[in-house]
Amino acid sequence: MTDFVSLPFYDLFHENEHGVEIRRKLPSLLSGVRRSILEIGAGTGLITTSLADSTPAEIFALEPSAGMRGMLLSRLNARPELLERVTVLSCDALSLNLDEPVEAMVMIRVMYALEPDYRRRLWPVLAAHLEPGGLLIFTWRDGGPPAPSPLRELESRQVGRHTYTVLSEIIESSGEGCKARYLYRVTEGDKVLSEEEIVGNAYRPGREVIQEELVTAGFAQADAPEGLLAWRLG
């Protein structure tokens, strides 16, 4: 699985996107969920806490990255009332082993990280851990992978005297994947204090590919707002 994340930058650049857009759309999709939710790729817990705030369900937050889990647990520790409702899982999604099926599954900003073969093997595993009629929700962008492009600034944030900047370029693109390079830079004025480079592959399969894979795994598409796809297990 691809991971383009620099931990010190994660909340700084994902809080607004998760807080404003995804948190606004998820509650209506999950309005009937009362018992349990599996969140795949929980990251630092931005969506985890939102799920807990908008539903009464028990939450299983799966996050393989030790660094992310540490930040997730710190976020939960700041919300003592959630400590009995959220279970943090460290396993890879293909090794999932829950005591009973969940009512819903949520994957936010995870699809890009799933290599095609991994993704095809994942759907049956998720189907086996979702109750009949249960809901699978994930973020979605149409259009296939982006075309090659030069390095450009994506976003910049000021923290005290330091500026945190994320830059990205698409090195090559073919099929449903692309090779991307990210730079995470910290500066003070004109002085570069630190810079981290991450290069890897990202994936954006076509809608027809996802439809075929999920139908084969026993899912049927349901209504969802723009930017999300929802599927129910038959």
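What you are looking at is a predicted structure, and each value in this text was computed from that prediction instead of being measured.

Draft legend 1. Molecular detail of unusual backbone geometry. With phi around 55 degrees, Arg 109 is a residue other than glycine that occupies positive phi space. Along the chain, the position of Arg 109 falls in the loop between strand E4 (102-107) and helix H4 (116-128). Judged by relative accessible area, which is 35%, Arg 109 ranks as partly exposed.

Draft legend 2. Highlighting the pattern of salt bridges. Within this structure, the stated rule accounts for 14 salt bridges. Notably, a salt bridge pairs Glu 197 with Arg 181, separated by 2.6 Å at the nearest N-O pair. Placement of Glu 197 in strand E9 (residues 191-203) and of Arg 181 in strand E8 (residues 177-188) is noted, with a sequence separation of 16 residues between them. Its relative accessible area of 48% is what places Glu 197 among the partly exposed residues. Taking the shortest distance from any N to any O, the salt bridge between Arg 185 and Glu 195 comes out at 2.4 Å. Separated by ten residues along the polypeptide, Arg 185 in strand E8 and Glu 195 in strand E9 bring together distant segments of the chain. Here the salt bridges do not stand alone but share partners, grouping Glu 21, Arg 24 and Lys 25 into one network.

Draft legend 3. Examining helix H2 (residues 46-54) more closely. Of all nine residues making up H2, seven are buried, and the element is well covered by its neighbours. For H2, the full list of buried residues reads Leu 46, Ile 47, Thr 48, Thr 49, Ser 50, Leu 51 and Ala 52.

Criteria and cut-off values
- Residues numbered from 1 in each chain as written.
- Predicted model: local features only at pLDDT ≥ 70, side-chain atom pairs only at ≥ 80, totals over all residues.
- Heavy atoms only, no water.
- Helix = DSSP H or I, 4+ residues; strand = E, 2+ residues; numbered from the N terminus.
- Buried < 20%, exposed > 50% of the residue type's maximum accessible area, 1.4 Å probe, protein only.
- Salt bridge = Lys/Arg side-chain N within 4 Å of Asp/Glu carboxyl O.

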